[in-house]
Amino acid sequence: MAAPGWHVGHSIQRNSRFLLNNFEQLWVHRSFGWTPALRQQAAEANKESTETIVIPRKKTWSKEAVLEALASTVSRDTTAYPYEFQDDPYLSPRTSTEFKLYSLSQESGRTAAKYFVNSNPKFFTKDFAEPHIPCLMPETVSLRLEEVSEEALKERINLRKVTAAVDMYDQLLQAGTAVSMETTHELLDLICLYSDRDPVQEGGPQTEDAESGEEAKRRKGRFRRASDFLKSTWRENNNAERIFNLLSERDTQCYSALIRGMVKHGAYAKAFSMYTDMLNNRQTADVHIFNALITAAPDVRDKYNERWDLVTELLNQMSQQKVQPNQLTFNSVLKALRRCGSLAKTQALHTLNEMKALGIAPSLASFDHILAIFFKAASSGQGNTDILQEVMSELAGTSFTCQDPDDVLFFSSAMRICLDSKDLELGYKVQSLVEVGENWRLLGDSYQQSIYYGRFFSLLCMMEHIDVILKWYRLLIPSLYYPNPQGLRDLLQALDTDSRLDLLPAIWKDIRSLGHDNKADLVEELLTLMARDRHSPEVQEAFAACALDVKGVFDGDRGRPSLEWSTSSLSHIASLLLRANKTQQAWEMLQLFKSKNRVPPEELFEDFLSVCRSEGSPQRAVELVQLSAAFCLSATPRLAKRTLAEFDLREEQRAILSELESAEEPTD
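All values reported here derive from a predicted model rather than from experimental measurement.

Asker: How should I be thinking about the overall build of the protein in this particular structure?
Answerer: Of the regular secondary structure elements, the protein holds 32 helices and zero strands. Long-range contacts, defined as pairs at least 24 residues apart, comprise 66% of the intrachain contacts of the protein with a sequence gap of at least 6. With an accessible surface of roughly 37,900 Å², the protein has 52% of that area assigned to carbon and sulfur atoms.

Following this line, the structure appears as structure tokens:
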């Protein structure tokens, strides 16, 4: 019997031959000017194409193949907010503050939902998801085995119930039941990972029951150092040490659990003491023990050379015990070198070369440690970027996956070096590496990503042409980056440097939408740039409209707290309105000086008087001189004299001005 797909394949093959054999005849009848030579070539091509076509019987696709194919047809929408915030467009954050609040709320919601699901699994027994996603299903958190057995102990270990697992282990010992070494290893790993405490369930209520009274008091102290908290987390003679001491046979894995737990929870000296005890018992360490001890080496020695001597000694012992180092081993060495002072630069490159000689590829964390060793933020100069130049040349075009928790720090550190050194070309190289494959995932969480793009944007504003800056501005904001006030100040300075102040009204709209219109220094700088020089009538009209919008911020519109008026802000807005021939609104700003107890600058009165002359408003000019006298300005006599000379006044007006003109100017 023929295969199920044979008839379909045979039909396609037969139809294909029919079309190919008749293709030449079709074009001969149409006769579009083909020469005989060309027709001969077509016939030969058709003859070659009549070979058997092999159609695969079945193609296996992954369940995400269709989604991946669709995703490859579109690019990132630079005008949209990040995808994680697009569940509800109305609630999408539009400011950096809302972004932070939304992120925290979203994570809190996930945690609360996970806690509810795991606490009430009986309500979530149906799974309608396709494909099935195990991590979204409720976890089994209730104990099913109540009898005293090793299976019950394994259940408690798998559910990460530290206290219950220890109690079950003690009951087994009291009953005279031997526990397998494999289960003992798992129990020690669990106790050491959580420092002999039940882990706080995600989303659940946090209590201090798991802590001793003394430790709770320490955590409440305001002036304790972080190291004090770390060292207090590993309790003396805890269950891990007690169970370890009860073992008749202690292998490397038992020692490994305790040593790594001690290092993780700050008991560095005790970890080295445990390692010495292991050597005295003629046990050999594994790579995980050495990695932990190398990380702890700088914390048990005070001098730089002593720290490096201890790291070297551990590496020699690895060689003697024939323990093969891995990537984390060398990363631990490089991380320890960051705390070894002047020795670091000498030994770091040797460590990196040794790493490559053993065929171990460095991760981004390796290069981050190298950069930290060779570059100091406090120093400046082009020579400091040499090491980063070499690193970027080596990494160019490479796609990375996360190998070390510190991998996510590399890009931010590299861009900081570019910014401190004002090296734009190198900054572009770093950004190009981010765009390779899915390297962008290694930028870290949203906070670290914001730091990276903030540094990149500041570098662009400092060194790049304004057209390129605006291009990146539209690419990054708001889809990737919510600029902080400093980033926007950098943009304003870039506009000033390239004489593109006509774009200030558009930037002000972005400042408002990003929620930074409540930053007084940023608003003051914007007004200063707009009021500093005179521009074309069209630009002045746009500046005046922008100034009125800024005035609304100071007045506290949209239900938001108002900014405090300053002399410069009042003066700048009044000047901008005057230049756009909005005299009445400018006059209202001038009156506002008195209500805000601010003294206007004399130059502003000179400008007002010029506008009154051009509009032919003698009464407004007299009121202006009187207002100047009310502020006790030294320019009052001069303004009165100028008004008498330039305006056609009535007798009573002249009398008022003559009296003000005769007033003596105050002396210093």
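Asker: Explain a nonpolar patch on the surface here, please?
Answerer: The grouping of Val66, Leu67 and Leu70 at the surface amounts to a nonpolar patch, some 330 Å² of accessible area in total. With respect to the element layout, Val66 can be found in helix α3 (residues 65-71). Judged by its relative accessible area of 58%, Val66 falls in the exposed class.

Asker: Looking at this structure, how should I read helix α5 (residues 150-158)?
Answerer: In an α-helix, one turn spans 3.6 residues; hence positions three or four apart end up facing the same way. Within α5, burial applies to Glu150, Ala152, Leu153, Glu155, Arg156 and Ile157. Next to the buried residues of α5 lie α6 (162-174) and α7 (181-193). Directly after α5, the chain includes Arg160, whose backbone phi takes a positive value near 60 degrees.

Asker: Got a minute to help me understand the environment of Leu495 in this structure?
Answerer: Structurally, Leu495 is set in helix α23 (residues 485-497). Once the C-alpha coordinates of Leu495 and Ile466 are considered, the two residues, 29 residues apart in sequence, prove to be 6.6 Å apart.

Asker: Is there a simple way to think about the nonpolar core in this case?
Answerer: For soluble globular proteins, the rule of thumb is that nonpolar side chains tend to be buried together. Of all hydrophobic cores here, the largest spans 169 residues; its most connected members are Tyr275, Leu337, Phe410, Phe411, Leu504, Val550 and Leu590. For Leu590, the residues in contact, after removing those within four places along its chain, are Pro600, Leu604, Phe605, Phe608, Leu624 and Leu627.

Asker: Before we go on, may I ask you to explain the side chain of Asn291 in this structure?
Answerer: Assignment of secondary structure puts Asn291 in helix α13 (residues 287-300). Apart from the residues within four sequence positions on either side, Asn291 is in contact with Asn326, Leu328, Thr329 and Ser332.

Asker: Looking at this structure, I do not really get the pattern of salt bridges. What am I missing?
Answerer: When the charged atoms of two side chains with opposite charge come close together, those side chains can pair. Under the criterion given, the structure shown has 32 salt bridges. Residue Lys335 is joined to Asp406 by a salt bridge in which the shortest nitrogen-to-oxygen separation is 3.4 Å. With Lys335 in helix α15 (residues 327-337) and Asp406 in the loop between α18 (386-395) and α19 (410-421), this pair connects stretches of sequence that are 71 residues apart. With a relative accessible area of 40%, Lys335 lands in the partly exposed category. The residue Glu394 makes a salt bridge to Lys356 at a minimum N-O spacing of 2.9 Å. In this pair, Glu394 is assigned in helix α18 and Lys356 in helix α16 (residues 343-357), connecting sequence segments 38 residues apart. Glu394 sits in the partly exposed class, given a relative accessible area of 39%.

Asker: Just to check I follow, could you spell out helix α12 (residues 268-280) for this structure?
Answerer: In this model, α12 (13 residues) spans 19 Å end to end at C-alpha, consistent with the 18 Å of a helix rising 1.5 Å per residue. Contacts made by the buried residues of α12 are with α10 (239-246), α11 (252-264), α13 and α14 (304-320). Where α12 terminates, the next one or two residues include Arg282, which has phi positive at roughly 60 degrees.

Procedures and definitions
- Residues numbered from 1 in each chain as written.
- Predicted model: local features only at pLDDT ≥ 70, side-chain atom pairs only at ≥ 80, totals over all residues.
- Heavy atoms only, no water.
- Helix = DSSP H or I, 4+ residues; strand = E, 2+ residues; numbered from the N terminus.
- Contact = heavy atoms within 4.5 Å.
- Areas by Shrake-Rupley, 256 points an atom, 1.4 Å probe, with all protein chains shown as cover.
- Patch = residues over 30% accessible without salt bridge, like charges linked within 9 Å, V, L, I, M, F, W, Y side chains within 5 Å.
- Salt bridge = Lys/Arg side-chain N within 4 Å of Asp/Glu carboxyl O.
- Buried < 20%, exposed > 50% of the residue type's maximum accessible area, 1.4 Å probe, protein only.
- Core = buried A, V, L, I, M, F, W, Y, C linked by side-chain atoms within 4.5 Å.
- Expected span 1.5 Å × (residues − 1).

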